[in-house]
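# Breakdown of the fold
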Amino acid sequence: AEPPAIAALLCDDYEVRTETAPATLLDLAARDVISLEEIQPGQTICRVPTSAKAPADLAPFERHVLSALRAKAIDGVIPATALTTGTEDASARWHHELARLVVVDAKQRGLTIDRWPKRTIGLIGAGSFVLIVLLLVSAQIGGDAGDHPVAAGVATAFAIGGAVLLGVIAGRMRRSSAQRPTPAGTAAEARWLGVRAHLAQNEQLQQLPPAAVKIYGRHLAYAAGFGLAEHAVTALPFGEEDDHLAWSPQGGRWRRVRVRYPRMRPPGWGHPPVLATALGVFWAAVAIILLVRLAGRVGSISVLIATVLAFPLLWSLWVLSAAIPDLFTTRAMTGTVLRCRVRARVLTSQNDPKYWYYVAIDDGTHDRIRAFRVSEDRYRSVRQGQTVTADVTPRLGYVRTLR
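Now for a quick tour of the structure. Only a predicted model underlies this, so the values are computations on that prediction, with no experimental measurement involved.

### With respect to the overall build of the chain
- Check the secondary structure of the chain and you find 13 helices and 13 strands.
- For the chain, buried positions account for 40% of its 403 residues.

### Quick look at the sheet that holds strand β2 (residues 43–47)
- With respect to topology, 3 strands assemble into an open sheet ordered β1-β2-β3, the strand pairing being antiparallel. In this open sheet, the two edge strands, each paired with only one partner strand, are β1 (35–40) and β3 (77–79). For this sheet, the mean inter-axis angle between neighbouring strands, taken without regard to orientation, is 30°.
- Bridging between β2 and β3 involves 3 bridges; their strand directions are antiparallel. Each bridged residue has a counterpart across the sheet, and for Arg47 the counterpart in β3 is Val77.

### What to know about the side chain of Arg255
- The residue Arg255 is located in strand β7 (residues 255–260) in this model.
- The buried category is assigned to Arg255, whose relative accessible area is 6%.
- Not counting the four nearest positions on each side in its chain, Arg255 is found in contact with Ala246, Trp247, Ser248, Gln250, Asp362, Gly364, His366 and Asp367.

### Topic: the packing of helix α2 (residues 20–30) against helix α3 (residues 60–72)
- Closest axis-to-axis distance for the α2/α3 pair is 10 Å, and the angle between their directions is 85°. Taken together, the axes of α2 and α3 are roughly perpendicular relative to one another. In this structure, α2 uses Ala21, Thr24, Leu25, Asp27 and Leu28 to contact α3, whose residues at the interface are Phe61, Glu62, Val65, Leu66 and Leu69.
- Counted by class, the contact of α2 with α3 contains 7 nonpolar, 1 polar and 2 charged residues.

### Observations regarding the nonpolar core
- Counting 56 residues, the largest nonpolar core has Leu25, Leu26, Ile34, Leu69 and Phe238 as the members making the most contacts within it.
- Contributing elements (two or more residues each) for this core: α1 (4–11), α2, α3, α4 (88–108), α7 (183–200), α9 (218–225) and α10 (230–234).
- When residues no more than four places from it in sequence are discounted, the contact partners of Leu26 are Leu36, Pro210, Val213, Leu220, Ala221, Ala224, Ala232 and Leu236.

### A few points about the sheet that holds strand β12 (residues 387–392)
- Pairing is antiparallel in the open sheet, where 5 strands are placed in the order β11-β9-β8-β12-β13. The open sheet has two edge strands with one neighbour each: β11 (372–374) and β13 (399–402). The sheet shows a mean angle of 50° between the axes of neighbouring strands, taken without regard to direction.
- When β12 meets β13, the two strands line up antiparallel, connected through 3 bridges. Note on β13: the bridge partner recorded for Val392 is Val399.

### Here's the deal with the packing of aromatic side chains
- Within the structure shown, the criterion is met by 7 aromatic pairs.
- Relative to Phe372, the ring of Trp269 lies with its centre 6.1 Å away and its plane at 10°, an arrangement referred to as stacked. Taken together, the positions of Trp269 in the loop between β7 and α11 (273–294) and Phe372 in strand β11 put the pair 103 residues apart, joining distant regions of the chain.
- For Phe372, a relative accessible area of 6% puts it in the buried group.
- What links up through ring pairs into an aromatic cluster is the set Trp192, Tyr222 and Phe226.

### A few points about the side chain of Glu19
- Tracing the sequence through the fold places Glu19 in the loop between α1 and α2.
- Excluding residues within four positions of it along the chain, Glu19 makes contact with Ala224, Gly225, Gly227 and Val233.

### Quick look at the environment of Leu314
- Considering the arrangement of structural elements, one finds Leu314 in helix α12 (residues 300–326).
- A relative accessible area of 55% places Leu314 in the exposed class.
- C-alpha separation for the pair Leu314 and Ala287, spaced 27 residues apart in sequence, amounts to 9.5 Å.

Procedures and definitions
- Residues numbered from 1 in each chain as written.
- Predicted model: local features only at pLDDT ≥ 70, side-chain atom pairs only at ≥ 80, totals over all residues.
- Heavy atoms only, no water.
- Helix = DSSP H or I, 4+ residues; strand = E, 2+ residues; numbered from the N terminus.
- Buried < 20%, exposed > 50% of the residue type's maximum accessible area, 1.4 Å probe, protein only.
- Pairing = 2+ DSSP bridges.
- Axes fitted to C-alpha atoms, helices over the stretch in contact; angles between N-to-C directions.
- Contact = heavy atoms within 4.5 Å.
- Parallel < 35°, antiparallel > 145°, perpendicular 65-115°, else oblique.
- Nonpolar A, V, L, I, M, F, W, Y, C, P; charged D, E, K, R; others polar.
- Core = buried A, V, L, I, M, F, W, Y, C linked by side-chain atoms within 4.5 Å.
- Phe/Tyr/Trp six-rings, centres within 6.5 Å; stacked < 30°, edge-to-face > 60°.

If you want it as structure tokens, here you go:
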């Protein structure tokens, strides 16, 4: 009666396993809510019904997984390797919500209760408060600490450390989703441990692709939940996004696109053409003036200085060759926002850090793209997956407008 996510919870020390999301997806496929197809060896696609209404018998955590699929699917299709759950923070929130829903479902079935009762957490938290109060009271009515400074210091350190430790323990227990079994949960655990032992004898399950669920049905889903179907789980990542590799639906079909976030190369990337021109002229003038003053001097030091000055001169010429044409040229591009990322600037202080804001837009023409560097306001105005139109300069990649 229990789905793979609940069975795995019962058999894994009553904690939600990392395989819960792919196991749930395989279970949805085994129950024909979705379908998995291996279009060629190592490449699996997931077909999701385009109907916005989910089957009525789905549990909330199953709806959570199905919603993630629908959010990414294009015309009901999504590559298995595109099953990511956002940036590191967004992915952590998504998995935390999934774990919470699985625990709620287990409680509603009468199989588990919280491992750490609220009363116990409250007593531990109160212990931290009591230690602080005793420390303050002893300071008011105790003897002169100057008579025994070492003992007083050690006692104070232990009291403060103990209070902090109890507070940390209470906080972690309060955030924990760990469970312990009820009598019904213990009986169900015994049954599922037997199923797990049976599935563990089938070594072939470890090598099966996700699409094999058509043949093995829910057996493969339960094997995935128990950690016995490594290949199928690996093929359904449900992890955080890769910053540099993205799946793009632009053009009506899924494509793998590599994204780069230019910092030093190409020179002047993301600068307004007017500013880039001014910088190019300034540094070229400085380099030329210093090189002219060195002209006629012979010596290893002069040669070394001239060599060093050649780099800013070349940089300036490169920037000018891109900035001057961009003063008069702009192209409009419409595409899908694949990545929104923040990067620390090359020269920045730890006390007052500065950041660059990148937006990677795929218009469907290239499989390798450079992310545009934009202002913070423009960065905040878009989101991943959104279709936008940007007016950009073709050489410096300066975004004039973004809508």
